[in-house]
Amino acid sequence: MTASTPHQPASVSRRAALTGLAAGAGALAVGSTACTAAAVSTPSASSAPSPSAADPAPGAMKLFTDPGFNFAGLLALGAAGMRASEVGEVLTAVNTINAAGLSEQTYTDTFRSWGDRLAAPPAAGRDGGGTPSQTRRFRSLRAAQYYAQALFYVLGTDAPGDEEAVYRSGRKAWDTFAKLCTPAAVTDSVPWDKTRLPIWFFRPDGPAERRPTVILTNGSDGQNLDMWTYGVSAAIDRGWNALVYDGPGQGQLLFVEEIPFTTRWETVVSPIVDWLLRREDVDGDRIAITGLSMGGNLAPRAAAFEHRLAAVVAMPGCLSPWLGFDKELRDIVTPDKAETNRIWNEEVVPELTPQLAFTVKKRFEIFARQALRQAREGKVLTDLWTPAQVAIGLDITKVVGRIKAPTLVLDYDFEQFYPGQPREMYELLRTRREYVKLTKATGAQLHCSPMAPQQHCDVVFDWLADVLQR
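Anyway, here's the lowdown on the structure attached to this text. (Residues numbered from 1 in each chain as written. Predicted model: local features only at pLDDT ≥ 70, side-chain atom pairs only at ≥ 80, totals over all residues. Heavy atoms only, no water.)

**What about the sheet that holds strand β5 (residues 282–292)?**
Read across the open sheet, the eight strands follow the order β1-β2-β4-β3-β5-β6-β7-β8; overall the sheet is mixed. Whereas interior strands pair on both sides, the edge strands pair on one side only; in this sheet they are β1 (186–192) and β8 (433–438). Shown here is a sheet whose adjacent strand axes are inclined to one another by a mean of 20 degrees, direction ignored. In the sheet, strand β3 (residues 211–217) pairs with strand β4 (residues 241–245) via four bridges, with the strands oriented parallel. Across the sheet, residue valine 214 finds its bridge partner in β4, namely alanine 242. Running at roughly 135 degrees to β1, helix α9 (residues 266–277) makes contact with β1, β2 (195–202), β3, β4 and β5 of the sheet. Running at roughly 160 degrees to strand β6 (residues 311–315), helix α17 (residues 453–468) makes contact with β3, β5, β6, β7 (407–412) and β8 of the sheet. (Pairing = 2+ DSSP bridges. Helix = DSSP H or I, 4+ residues; strand = E, 2+ residues; numbered from the N terminus. Axes fitted to C-alpha atoms, helices over the stretch in contact; angles between N-to-C directions. Contact = heavy atoms within 4.5 Å.)

**So, the pairing of β8**
Note that β7 and β8 share six bridges and pair parallel. Across the sheet, valine 409 pairs through a bridge with tyrosine 435, a residue of β8. For the handedness criterion, the β-α-β arrangement of β7, helix α16 (residues 421–428) and β8 is classed as right-handed. (Right-handed = clockwise from strand over helix to strand, strands pointing away.)

**Considerations on the nonpolar core**
In a soluble, globular protein the nonpolar side chains are often hidden away together inside. Counting residues in each nonpolar core, the largest one holds 153 residues, and the members touching the most others are Trp174, Phe202, Ile215, Phe364 and Leu464. Element by element, the count of residues in this core is highest for helix α5 (residues 133–153), at 11 residues. Sequence-distant contacts of isoleucine 215, that is, excluding residues within four places in its chain, are made with Leu243, Tyr245, Ile272, Val273, Leu276, Ile287, Ala288, Ile289, Thr290 and Leu309. (Core = buried A, V, L, I, M, F, W, Y, C linked by side-chain atoms within 4.5 Å. Buried < 20%, exposed > 50% of the residue type's maximum accessible area, 1.4 Å probe, protein only.)

**Quick notes on the pattern of salt bridges**
Within this structure, the stated rule accounts for 26 salt bridges. A salt bridge links glutamate 164 to arginine 168; the nearest nitrogen and oxygen atoms lie 2.9 Å apart. Here the residue glutamate 164 and the residue arginine 168 both occupy positions in helix α6 (residues 163–180), the gap between them amounting to four residues, near one helical turn. Put simply, arginine 301 and glutamate 266 hold a salt bridge, and the shortest N to O gap is 2.8 Å. One end of the pair, arginine 301, is in helix α10 (residues 295–305); the other, glutamate 266, is in helix α9, with 35 residues separating them in the sequence. Accessibility classification places arginine 301 together with glutamate 266 in one group, the buried group. Three or more residues joined by partner-sharing salt bridges are found here, namely Glu163, Glu164, Arg168, Glu258, Arg373 and Arg376. (Salt bridge = Lys/Arg side-chain N within 4 Å of Asp/Glu carboxyl O.)

Encoded structure:
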């Protein structure tokens, strides 16, 4: 699908485009967990406060001097509350990286080695249950976390072609974890287009009965383990089911099958709802959907057309991922494909620093197969226009009003990527709605509350419990 940019052709200088990219680079190069690869948005009248250049993460622990790497580290550190990392392991990795000199290479190598260490079977011995399965279960979850950290930055290393291999390592660790859960996660796949979407269905232990079920939708660069941190664990604790899946542009479909994002996310969610409705342990009247990071765009898009959903949570609300790209870059993309790509290749790409080149590769690999393949070859994409059309086409401003299910829109103090958009989404809703901002006062600031996933889940699941109660 193609879409034209609302911006008119402009006289965009090479320096202006590079200045815009550089301004967003710190926010762009964020960690592998749950947050979208987007630059700083252009503020609107209703924008939330954004981090200043002097303090890119207000009130947050400073693990790294670079705000992007720091955000990544905070996400890994915060996941410890859900047993998806270990504080000592993360801080040891941080110290190793800083001692070696912070870079995409040292970050990837360090966290990949931690993944390798924990993915190996635990030493012989017995844990409290008589087998080492419980030990291996959570070692595998932490391994998946550390591989995901490495995966985000691998395109900036001297071995960008390792991207699929790093993904497969993390996927194997995740699958091991899911298999060792009690009860084991049900694994299956559902049809979509010419392929199938892998799904993992988690249930609480105990007798089979019809339960509320939450479909957990990831963002543009999160991995499955993030859905454990931001939903599965909380759902199971409440006696609910939770379903995790890879859609186009995510997980297996992106890193193995090379399938980029679609602008019609309802076609992704509807076959998942079909699958759930065939299960005897799912209450078909209490199926909710959440969307984390750019999933805060995808889940509402699905709910605008899939009316069997009983509740929707956007975390945060995102009307247009394209507006998460800096204006200077957006102004390069005009309805003229040839001219767009000429400016890009002749005036912008030759001036990119290695860090900006990594940023561009990571930002656009999710939107076009050619961009992904070139990134894995260590090259910057040559066709900017085509993936930009997908990003532009994800705008849901005109369809949000079609959502019928009750909807919760989250926002965050110092939201880096979509400032103002959560409130704008809330105002466009025509159904039962609620807007909640998570704040610095409780340590829940920044995109996706990286330091407070437990608090984040409390807010989301308390609201869902109220909406889905019988």
